[in-house]
Amino acid sequence: MSYGITRTEALELVRSHLKSEHLVNHSLASEAVLRAAADQLNGDRELWGLAGLLHDLDSESQPDLATHTTETVAILKEKGVHPEIVEAIRLHNLSAWPGEKRTTPFHYALAAGETITGLIVAAAMVVPERKLAAVKVKSVQKRYKEKAFARGADRETIAECEAAGIPLAEFCRISLTAMQEIAGEIGL
C-alpha cells in the first residue's frame, strides 16, 4: 500500500513544523504507541504509525484546541498523504470539527494513543531520576484519575481506547511498553 509519504519524509515534515523537541518527542512516542495499538487490533502498523507521527504538525502554529488539526489536515492533503491517515488525524481532535464522530478503531486508537503519551510522560516526571523505567500501569491509571491531570487532558479521549477494543489497563501497558522501547530516542 502506498501511504503518500515515507516515514523519513514524515519525520522531516514533523521536524520542519515543530521546533520544540518536546513536541517532536511526543510525535515519536505517539508513533510507537499507534504501532503497538495496530498490532493489538490487527491494524496496518505503518498507516497507524504515520498518523501518530504526523498528528500534531500544527500544534505550535495553532495552539488553540478549537482550531488545532485544521492546518495539519490541509498540509497533509496538499502533500498527498493517504486519506485514511488524514481522516484519523482530523478526527483525533473533535473540538476542531463540531458534530463529527470517530467511527473506526483507528480513529479511536489515535485519539486515545496520542493523549495517553502525555499521561505517561506526566507519570514519568513524578520520579525524574528514573523516568520512564519507573512508570507502571498503576501509576499511569493514578495520574489519569487526578484532578490536576484532568484539567490538562481529556479523560474521555483516553478512555476511547476501550471503544477501539482495548481495556484501559491493557492500553496503558502496551503504550508503556512501546514508549520504553524508544525511551532513549525521546529523552525518557
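Residues numbered from 1 in each chain as written. Predicted model: local features only at pLDDT ≥ 70, side-chain atom pairs only at ≥ 80, totals over all residues. Heavy atoms only, no water.

**A short note on the layout of surface pockets**
Here's step 1: Looking at the second largest pocket, its volume works out to about 160 Å³.
Here's step 2: Elements with a contribution of two residues or more to the lining of the second largest pocket: helix 2 (21-41) and helix 11 (168-181).
Here's step 3: Take the lining of the second largest pocket: its biggest share by element is 5 residues, from helix 11. (1 Å grid on protein atoms, 1.4 Å probe; cavity = no way out; pocket = protein on both sides within 12 Å on 5 of 7 lines; lining within 4 Å. Points joined across faces, edges and corners; volume = space filled by probe spheres on them. Helix = DSSP H or I, 4+ residues; strand = E, 2+ residues; numbered from the N terminus.)

**Quick word on the nonpolar core**
Here's step 1: One finds L54, I116, L132 and F171 to be the most contacted residues of the largest nonpolar core, which totals 61 residues.
Here's step 2: Ignoring any residue separated from it by four or fewer positions in sequence, one finds F171 in contact with V33, A37, A109, A112, G113, I116, C161 and I166. (Core = buried A, V, L, I, M, F, W, Y, C linked by side-chain atoms within 4.5 Å. Buried < 20%, exposed > 50% of the residue type's maximum accessible area, 1.4 Å probe, protein only. Contact = heavy atoms within 4.5 Å.)

**Description of helix 3 (residues 45-54)**
Here's step 1: Burial analysis of helix 3 places 8 of its 10 residues in the buried class, which makes it a mostly covered element.
Here's step 2: The complete set of buried residues in helix 3 reads L47, W48, G49, L50, A51, G52, L53 and L54.
Here's step 3: Among the structural elements, helix 1 (7-17), helix 2, helix 4 (70-79), helix 5 (83-91) and helix 6 (105-124) are those in contact with the buried residues of helix 3.

**Considerations on the confidence of the model for the protein**
Here's step 1: Taken residue by residue, the protein gives an average pLDDT of 89. The fraction at 70 or more is 94%.
Here's step 2: Averaged pLDDT values for the elements of the protein fall to 56 in helix 8 (residues 147-152) and rise to 98 in helix 3. (pLDDT = per-residue confidence, 0-100.)

**Re the pattern of salt bridges**
Here's step 1: Summed over the entire model, instances satisfying the criterion amount to 9 salt bridges.
Here's step 2: Here R35 and E31 are joined by a salt bridge, their closest N and O atoms 3.3 Å apart. Here R35 and its partner E31 are both found in helix 2, 4 residues apart, which amounts to about one turn of the helix.
Here's step 3: Residue class for R35 comes out buried when judged on its relative accessible area of 14%.
Here's step 4: One connected set of salt bridges, linked through shared partners, spans R7, E31, R35 and E46. (Salt bridge = Lys/Arg side-chain N within 4 Å of Asp/Glu carboxyl O.)

**Observations concerning the packing of aromatic side chains**
Here's step 1: Under the defined criterion, the tally for this structure stands at 1 aromatic pair.
Here's step 2: Centre to centre, the rings of W48 and F106 are 5.1 Å apart; their planes meet at 10 degrees, and the pair counts as stacked. Of the two residues, W48 is situated in helix 3 and F106 in helix 6; the sequence distance between them amounts to 58 residues.
Here's step 3: In this structure, R90 packs its charged tip against the face of W97, placed 5.0 Å from the ring centre. (Phe/Tyr/Trp six-rings, centres within 6.5 Å; stacked < 30°, edge-to-face > 60°. Lys NZ or Arg CZ within 6 Å of the ring centre and 35° of its normal.)

**Here's the deal with helix 6**
Here's step 1: Relative to the 28 Å expected for 20 residues at 1.5 Å per residue, helix 6 spans 27 Å between its end C-alpha atoms, a close match to the ideal helical length.
Here's step 2: By the criterion of burial, helix 6 is predominantly enclosed, with 17 of the 20 residues buried. (Expected span 1.5 Å × (residues − 1).)

**Some thoughts on the packing of helix 1 against helix 2**
Here's step 1: Running from N to C, helix 1 and helix 2 point in directions that differ by 150 degrees, and their axes come no closer than 10 Å. As summarised for this structure, helix 1 and helix 2 are arranged roughly antiparallel, according to the angle between their axes. In this structure, helix 1 crosses over helix 2, and the sense of that crossing is right-handed. The residues of helix 2 that touch helix 1, namely those facing R7, L11, V14 and R15, are E21, V24, S27, L28, E31 and R35.
Here's step 2: Residue composition of the contact of helix 1 with helix 2, grouped by class: 4 nonpolar, 1 polar and 5 charged. (Axes fitted to C-alpha atoms, helices over the stretch in contact; angles between N-to-C directions. Parallel < 35°, antiparallel > 145°, perpendicular 65-115°, else oblique. Left-handed = near helix turned anticlockwise from the far one by under 90°. Nonpolar A, V, L, I, M, F, W, Y, C, P; charged D, E, K, R; others polar.)

**Some remarks on the side chain of T72**
Here's step 1: Relative to the helices and strands, T72 resides in helix 4.
Here's step 2: Reaching out from T72, the side chain makes a polar contact with the backbone nitrogen of L57 at a distance of 3.4 Å.
Here's step 3: Apart from the residues lying within four places of it in its own chain, the contact partners of T72 are L54, H55, D56, L57, D58 and I89. (Polar contact = N/O pair within 3.5 Å; in protein donor to acceptor, adjacent residues only side chain to side chain.)

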